[in-house]
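# Notes for the structure review
Given next are the chains, with one letter for each unit.
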There are 2 protein chains.
Amino acid sequence: MKMRIENVLIVDPVKGEFTGDVLLESGKIKSISPRELKKYDAILMPGFVDPHTHGCAGIDTMKMSKEELGKWENFLYSQGVTAFLPTTVSANEKDMIHVSTLVGEYIKERTSTSVYGIHYEGPYINVGKKGAQNQKTIRNATAKEMENVLYPHVRLITMAPEVGGFYDVLPRLKENGTVISLGHTDANFLDMKRAFLNGVDRITHFPNAIKSLHHRELGGVGAGFYLDFNVEMIVDGVHLAPEFVDMVYRTKGAGKIMLITDSIEAAVLKDGKYDLGGLKVSVKDGKATLSNGSLAGSTLLFGQAVKNFKRFTNCSLKELSRVSSYNTAINLKIKNIGRIKEGYKANLVLLDKELNVSKTYLSGEIVYER
Amino acid sequence: MKMRIENVLIVDPVKGEFTGDVLLESGKIKSISPRELKKYDAILMPGFVDPHTHGCAGIDTMKMSKEELGKWENFLYSQGVTAFLPTTVSANEKDMIHVSTLVGEYIKERTSTSVYGIHYEGPYINVGKKGAQNQKTIRNATAKEMENVLYPHVRLITMAPEVGGFYDVLPRLKENGTVISLGHTDANFLDMKRAFLNGVDRITHFPNAIKSLHHRELGGVGAGFYLDFNVEMIVDGVHLAPEFVDMVYRTKGAGKIMLITDSIEAAVLKDGKYDLGGLKVSVKDGKATLSNGSLAGSTLLFGQAVKNFKRFTNCSLKELSRVSSYNTAINLKIKNIGRIKEGYKANLVLLDKELNVSKTYLSGEIVYER
């Protein structure tokens, strides 16, 4: 099956921006034809990638059925998302295995899906930086537990480097191809640096739930700025001041930032009371908090995150395609997505000039049309 | 009177590094002769400028006689310093006038001196961020008081923008040519930004005694990083972690950093008990603290600050000349110093390759020789 996308501004995170047409065939990008255009109809970017989302529209990673995961996937097409990792919260071994098995089966049963695996956010984190994670399930990592909870599709795991077992399980995680992200951590600068020098170069929802910057002890925040970490960011305008987002952009550059939503089931739904891993969450004006005021995930949608980042930083579209897809694809070693390039999977998003999602393509098929 | 400095690496903060000779005549740089050299004997840089020092070698701005100021000036030649501002601590009006009068007379009595005026550090600061400033003398600024304490040679004043009177006295300070530096302040990001937009683009001993960075309220630290502020830094390895210094260098660039010592009378002297504006200061292993543990100025010498900055950041010599002289000269609008350029004052420092001071020139005269 063939499809031609014509008269568009093509935005590739490596080659940059140029006008022309793109031919899709058999689920892949068959050819790209740059062509001078006086004006273009739409913007074509690699489909967005969200490596950190707990749910939306009443669906929650920890409680969902396969049918619900299907609905979730479908909903995310409307956001231009063509790859995402359902993300757990700290849980016991049994629940982790349950979710992983479900997601694994879901992927196996489909020839084409935007579900690319799972992200374990915890439970091997620091209780002192638990944020909206259930304290009861937070624990050290052990080699034995890894044998039970690791699957090939566990692509990402958020851990605190100062919590017991971190260095013990590191080789096993690497062997499994699981990328480690530092988060919910009270690690000081030297602990962060040690992890970095051991190849762990990623930080979860920077700088939320990590040790703050001090000029004599730089903490996790200082490590994030000073060392060459790749950082997730929740760009909803609530978790981070717009100026902070811009500061990270100016300091580290678009090459080191990965947009995430960190959304919970309340996203898309009305304000009200919800549940996150056994904790009561109250949502007001789209802001999700625990009773103690801690932020509890977000109600951010990916399409909005992309618009916000553009607005907060005034970055180029090329840079925008880096933070919304390419960087995460590279970081998680997912091949053949995140670029508009011959031979790459035809996972694409078509945007209007205000960056609203008009159409989404998954493996060359239109899966969303406004 | 003529003098020729030959076979040196000339380091100009604008033109950069090149080998050759420099001819001095009548106190000025008469000519510069670039010349290819296989090897050079020494490094010639603009004489160092310290805009923030309370004293050294038992001499204290608040208590010194003119004779002591002369001794201080002489001592600083050994550090390559050819311009400095004796700096007060928060004090009552009478003491401020006394010091200003003394410094004013001292300058007037000399045809050539490295004393370029005075820096009032306070008293118009925030009590909550007083650091080692005497709380009793901290107060709001008033138009009336300005009439009493302002002299043409008051070149610099450290103030907190959130403290009463700041915006009232701003026009008078500008008119007097007094540069305002934000410091000892609990101002939030917006307060800092407001001051910045009103032309106050300088921060005192960044980021000591200002509001820390938070990702939802960037504070003074965030403002320092995010906005185009010029920042003083105490690069003694005690006030700031070396990585923090390097982070500021990488983020803001050498063009926005001004080295200072913030030294107190204990500098050069042995460890022991000292006094700073009526507060008891204890010095151990060169680290000066109040009884509550607060840092109380430094025992840093300028020559060491220059070496430290080079070591912490691995900057170029051109950049080193920016942070050690040029930036401060430009910032304080002092003309004809801070460059190695025809017509500029022959205030120079000759360094060996380990950056030890070998010779210091003031108005073309050798005032120090190792």
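For every chain, the first residue of the written sequence is number 1, and numbering continues from 1 onward in sequence order. Chains and ligands are labelled sequentially in the order written, the chains with letters from A and the ligands with numbers from 1. Where totals are concerned, whole chains, interfaces and linings use all residues; where local detail is concerned, this predicted model gives features only for residues with pLDDT of at least 70, and gives and counts side-chain atom pairs only at 80 or more. Neither water nor hydrogens contribute to the side-chain values; these are computed over all heavy atoms in the structure.

## A short note on the sheet that holds strand β4 (residues 42-46) of chain A
Residues and elements named next belong to chain A. Convention followed: We treat two strands as partners when DSSP finds at least two bridges between them. Helix and strand assignments follow DSSP, with helices taken as H or I runs no shorter than four residues and strands as E runs no shorter than two, numbered in order from the N terminus. Fitted lines through C-alpha atoms serve as axes, helices being fitted only where they are in contact, and the angles separating the N-to-C directions of these axes extend from 0 to 180 degrees. It only takes one pair of heavy atoms within 4.5 Å for two residues to be counted as in contact.
The seven strands lie next to each other as β3-β2-β1-β4-β18-β19-β20, forming an open sheet whose pairing is mixed. Where the open sheet ends on each side, the last strands, each with one partner, are β3 (28-34) and β20 (365-369). Ignoring strand direction, the axes of neighbouring strands in this sheet form an average angle of 35°. Bridging between β4 and strand β18 (residues 348-351) involves four bridges; their strand directions are antiparallel. In the sheet register, isoleucine 43 faces β18, and the bridge partner there is leucine 351. Across the sheet, helix α1 (residues 66-77) touches β19 (357-362) and β20, and the angle it forms with β19 is around 130°. Sitting on the sheet, helix α9 (residues 317-331) is in contact with β1 (2-12), β2 (16-25) and β4, with an inclination near 40° to β4.

## Some words on the pattern of salt bridges
Residues and elements named next belong to chain A. Our working definition: Take a side-chain nitrogen of Lys or Arg and a carboxyl oxygen of Asp or Glu: if they are within 4 Å of each other, that pair is a salt bridge. When accessible area is computed with a 1.4 Å probe and restricted to protein chains, residues below 20% of their type maximum are described as buried, those above 50% as exposed, and intermediate ones as partly exposed.
Tallied over the full model, the rule gives 36 salt bridges over all chains. The closest approach of N and O atoms between aspartate 12 and arginine 339, which form a salt bridge, is 2.8 Å. Of the two residues, aspartate 12 is situated in strand β1 and arginine 339 in the loop between α9 and β18; the sequence distance between them amounts to 327 residues. Taking the relative accessible area as the measure of exposure, arginine 339 reaches 10% and is therefore buried. The closest approach of N and O atoms between aspartate 275 and lysine 63, which form a salt bridge, is 3.6 Å. Of this pair, aspartate 275 sits in strand β15 (residues 272-276) while lysine 63 is found in the loop between β7 (59-60) and α1, placing the two residues 212 residues apart along the sequence. Through salt bridges that share partners, Arg4, Glu6, Asp21 and Arg35 make up one connected network.

## Looking at unusual backbone geometry
Cis geometry marks the peptide bond from glycine 122 of chain A to proline 123 of chain A; its omega dihedral reads 10°. Relative to the helices and strands, proline 123 of chain A resides in the loop between β9 (118-121) and α3 (143-149). Here the residue pair phenylalanine 206 of chain A and proline 207 of chain A is connected by a cis peptide bond, since its omega of -10° sits within 30 degrees of zero. When you line up the elements, proline 207 of chain A lands in the loop between β12 (202-203) and α6 (219-226). Even without being a glycine, asparagine 7 of chain B presents a positive backbone phi close to 55°. Residue position: asparagine 7 of chain B is located in strand β1 (residues 2-12). Of note, the phi angle at aspartate 285 of chain B is positive, near 50°, even though the residue is not glycine. Tracing the sequence through the fold places aspartate 285 of chain B in the loop between β16 (279-284) and β17 (287-289).

## Comments concerning the pairing of strand β20 (residues 365-369) of chain B
Looking along a regular strand, one sees side chains alternate from face to face of the sheet. Residue and element names in this part refer to chain B. With four bridges joining them, strand β19 (residues 357-362) and β20 adopt antiparallel strand pairing. When the sheet's bridge partners are listed, lysine 359 is paired in β20 with glutamate 369. Adjacent in sequence and paired antiparallel, β19 and β20 are bridged by two residues, among which serine 363 carries a positive phi angle near 50°.

## A closer look at the domain arrangement of chain A
Residues and elements named next belong to chain A. Rules: All domain edges in this entry derive from an automatic or database-based domain assignment. Throughout, the accessible surface (probe 1.4 Å) given up by two parts as they are put together, summed over both, is called the buried area. Two N or O atoms form a polar contact when they lie within 3.5 Å of each other; inside protein one atom must be a possible hydrogen donor and the other a possible acceptor, and for residues adjacent in sequence the pair counts only when both atoms belong to side chains.
Looking at the assigned domains, one finds that chain A contains domain 1 (1-47 + 340-370) and domain 2 (48-337). On a C-alpha basis, the centres of domain 1 and domain 2 stand 27 Å from each other. Contact residues are listed per partner, giving 28 residues for domain 1 and 25 residues for domain 2. Between domain 1 and domain 2, the buried area comes to about 2100 Å², and carbon and sulfur atoms account for 67% of it. Contact with domain 2 buries surface across domain 1, with Pro13, Leu355 and Leu362 losing the most and accounting together for 26% of the total. Linking domain 1 to domain 2 there are zero salt bridges. Our enumeration of links across domain 1 and domain 2 arrives at nine residue pairs in polar contact (both at pLDDT 80 or more).

## A few points about the relation of the copies chain A and chain B
The following threshold applies: C-alpha atoms of residues with pLDDT of at least 70 in both copies form the basis for the least-squares superposition of the copies.
Note on the copies: chain A fits chain B at an RMSD of 0.0 Å, the axial shift is 0.0 Å, and the rotation between them is 180°. Interpreted geometrically, this transformation is the action of a two-fold axis. Minimal C-alpha distance to the rotation axis in chain A is attained by threonine 251 of chain A, lying at 2.9 Å. A symmetric contact is evident, with 100% of the interface residues of chain A recurring at the interface of chain B.

## With respect to the interface of chain A and chain B
Selection rule: Polar here means any residue other than Ala, Val, Leu, Ile, Met, Phe, Trp, Tyr, Cys and Pro, which are nonpolar, and Asp, Glu, Lys and Arg, which are charged; Gly is therefore polar.
Facing the 23 residues of chain A at the interface are 23 residues of chain B. The junction of chain A with chain B conceals about 2000 Å² of combined surface from both sides, 67% of it contributed by carbon and sulfur atoms. Along the contact surface separating chain A from chain B lie zero salt bridges. Between the two partners, chain A and chain B, sit 10 residue pairs in polar contact (both at pLDDT 80 or more). Looking at the side of chain A that touches chain B, the elements with two or more residues in it are α6 and α7 (242-252) of chain A. Broken down by element, the residue count for the side of chain A that touches chain B peaks at six residues, all from α7 of chain A. Here the residues of the side of chain A that touches chain B are counted per class, giving 13 nonpolar, six polar and four charged.

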